[in-house]
Amino acid sequence: MSCPLRMLSDMSFKEYKDLIDGELEKYFCGEGMPQKGLFDSMKYSLTAGGKRIRPILVLEFCRISGGDTEKALPVACAIEMLHTYSLIHDDLPCMDDDELRRGKPTNHVVFGECTAVLAGDALQAEAFGTILRSELPAENRALCAEILADAVGADGMCGGQFLDMLGENRQLTEEELNEINSRKTGALIIAACRMGVAAAGGSREQMESAAGFGAALGAAFQIRDDMLDVISTDEVLGKPVGSDARECKNTYMALLGYDKCHEMVTKLTDCAKKSIDGVFGDTYYLCMLADNLVTRLH
């Protein structure tokens, strides 16, 4: 499926990202607070950069569902807080034991392991508080919080991380990889899309369409991540490449190879675009965002 033939303005993505980055800078300024070190740790990872794909999905799905993106901005920030918590914990010595994230030393390297754990814990709690303190209607706030809770709990992201841990030191099948990554990566991307619709008070049809887009995009995103760990560079990726192979991790690249992975990413991207066709009035930006993620280098 092709999208309308006009170029995606770099400013369109940049404006969204700048808006989100600017808003995130306002959180967790702990000057004069006795726990300032905790705030510094939280802010360090939250503002360390990144593509901001999940908050952008929140805002764009809110927009095309007829909602107020300004009022949805706290929801967009909340999902980035949640995502940041997961990255801090993933990098810990007891998990992936990574020392570099987005081209900077990981949180526990800078602030110590105990503070990093607490920073992740606090970011998770603050994510829900940020949603519930927003100016959205109460029903919309509650639904956004429920969607996020479902996405990150035992049936979602945390469950996926647990399955990933269980799969270490043995060869997984493609079905097992799909089960892990649909939870570990896909669940939060699906949540971002659905939370955008929920923030706008959108319809059930829009919610289901957004979930379909998020599921396909999330799967494509993870496969592309696996590819980049092989074909990218440390400088471009912002972390050491080849770490998956060195640590004998189960990845789509190790299981299926480059050509099959590229084919899957292309098909999943097409599926994502088809899932929103005819349901929303303006899908151009989302289509082009999906296309850009196919060829991303970091």
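Residues numbered from 1 in each chain as written. Predicted model: local features only at pLDDT ≥ 70, side-chain atom pairs only at ≥ 80, totals over all residues. Heavy atoms only, no water.

The next point concerns the packing of helix α3 (residues 53-64) against helix α9 (residues 174-200). Pairs of packed helices are described in terms of their axes, by the angle between the two and the distance that separates them. At their nearest, the axes of α3 and α9 sit 7 Å apart, and the two run at 30° to each other. When you trace α3 past α9, the crossing you get is right-handed. Mapping the contact onto sequence places Arg54, Leu57, Val58, Phe61 and Cys62 in α3 and Leu188, Ile189, Ala192, Cys193, Met195, Gly196, Val197, Ala199 and Ala200 in α9. The residue inventory of the contact of α3 with α9, partitioned by class, reads twelve nonpolar, one polar and one charged. (Axes fitted to C-alpha atoms, helices over the stretch in contact; angles between N-to-C directions. Helix = DSSP H or I, 4+ residues; strand = E, 2+ residues; numbered from the N terminus. Left-handed = near helix turned anticlockwise from the far one by under 90°. Contact = heavy atoms within 4.5 Å. Nonpolar A, V, L, I, M, F, W, Y, C, P; charged D, E, K, R; others polar.)

Attention now moves to the pattern of salt bridges. Considering all chains together, one arrives at 20 salt bridges under this definition. Here glutamate 60 and arginine 63 are joined by a salt bridge, their closest N and O atoms 2.8 Å apart. Linking glutamate 60 with arginine 63, this pair stays in helix α3, spanning three residues, or about one helical turn. Using a relative accessible area of 36% as the deciding quantity, one classes arginine 63 as partly exposed. A salt bridge links aspartate 96 to lysine 249; the nearest nitrogen and oxygen atoms lie 3.7 Å apart. Here aspartate 96 is found in the loop between α4 (69-90) and β1 (100-101), whereas its partner lysine 249 is found in the loop between α12 (243-246) and α13 (252-256), with 153 residues between them in sequence. Given the relative accessible area of 17%, aspartate 96 is considered buried. Residue class for lysine 249 comes out partly exposed when judged on its relative accessible area of 28%. Each of Lys17, Asp21, Arg52, Glu80 and Arg102 takes part in one network of salt bridges that share partners. (Salt bridge = Lys/Arg side-chain N within 4 Å of Asp/Glu carboxyl O. Buried < 20%, exposed > 50% of the residue type's maximum accessible area, 1.4 Å probe, protein only.)

Note that every value here comes from positions in space, so none of it alone points to a role or purpose.
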